[in-house]
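These are the residues of each chain, in order.
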Amino acid sequence: AASQTLVPFVAFSYQTAEYDAAHPVFAVTREDDQFGGRIGLQWLVMPRLVVRGEYRYTEVDSNLEVFKIDRNEVEAGFRYSF
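Residues numbered from 1 in each chain as written. Predicted model: local features only at pLDDT ≥ 70, side-chain atom pairs only at ≥ 80, totals over all residues. Heavy atoms only, no water.

**Q** Describe unusual backbone geometry, naming the residues involved and giving the relevant values.
**A** Glycine aside, the phi torsion of most residues is negative, and most peptide linkages are trans. Here the phi dihedral of Ala27 falls at roughly 55°; this positive angle occurs in a residue that is not glycine. Within the element layout of this structure, Ala27 appears in the loop between β1 (6–22) and β2 (29–46). (Helix = DSSP H or I, 4+ residues; strand = E, 2+ residues; numbered from the N terminus.)

So, in structure tokens, the structure goes:
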């Protein structure tokens, strides 16, 4: 059945980082919180061919402005197994 060949997926992540030493330029100890999420669809076209599409969002909140990030990514690809 076609529904068995389409597999949606979703994932979430969180990471916190507290650095041991002060940053050499800013003289402040850096602290980051990173949040992320992914959503996508995997399609089994044939037994050895998989097509995949994915959207990812990443946000890094840092006490140093230069390390703050909001990133949106879209990726598509395929895998053929021999």
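**Q** I'd like a description of the pattern of salt bridges, backed by residues and values.
**A** Under the definition given, this model contains eight salt bridges. Notably, a salt bridge pairs Arg56 with Glu75, separated by 3.1 Å at the nearest N-O pair. Of this pair, Arg56 sits in strand β3 (residues 49–62) while Glu75 sits in strand β4 (residues 69–80), and the two are 19 residues apart along the sequence. Close ionic contact of Lys68 with Asp61 constitutes a salt bridge, the shortest N to O distance being 3.9 Å. Residue Lys68 is classed as partly exposed on the basis of its relative accessible area of 37%. (Salt bridge = Lys/Arg side-chain N within 4 Å of Asp/Glu carboxyl O. Buried < 20%, exposed > 50% of the residue type's maximum accessible area, 1.4 Å probe, protein only.)

**Q** Tell me what's going on with the sheet that holds β1, and back it up with residues and numbers.
**A** Read across the sheet, four strands follow the order β1-β2-β3-β4 without closing on themselves; strand pairing throughout is antiparallel. Strands at the two margins of the open sheet, each flanked by one partner only, are β1 and β4. Put simply, the sheet's adjacent strands are angled 15° from each other on average, direction ignored. Note: β3 against β4, twelve bridges, orientation antiparallel. The partner of Arg52 across the bridge, within β4, is Gly77. (Pairing = 2+ DSSP bridges. Axes fitted to C-alpha atoms, helices over the stretch in contact; angles between N-to-C directions.)

**Q** Just give me the short version of the pairing of β1, but keep the residues and values in it.
**A** The side chains of a regular strand alternate between both faces of the sheet. As judged from the 14 bridges shared by β1 and β2, these two strands associate in the antiparallel manner. Bridged to Phe12 within β2 is Gly37. Turn length for the β1-β2 hairpin, with the two strands adjacent in sequence and antiparallel, is six residues, and the turn residue Ala27 shows positive phi of about 55°.

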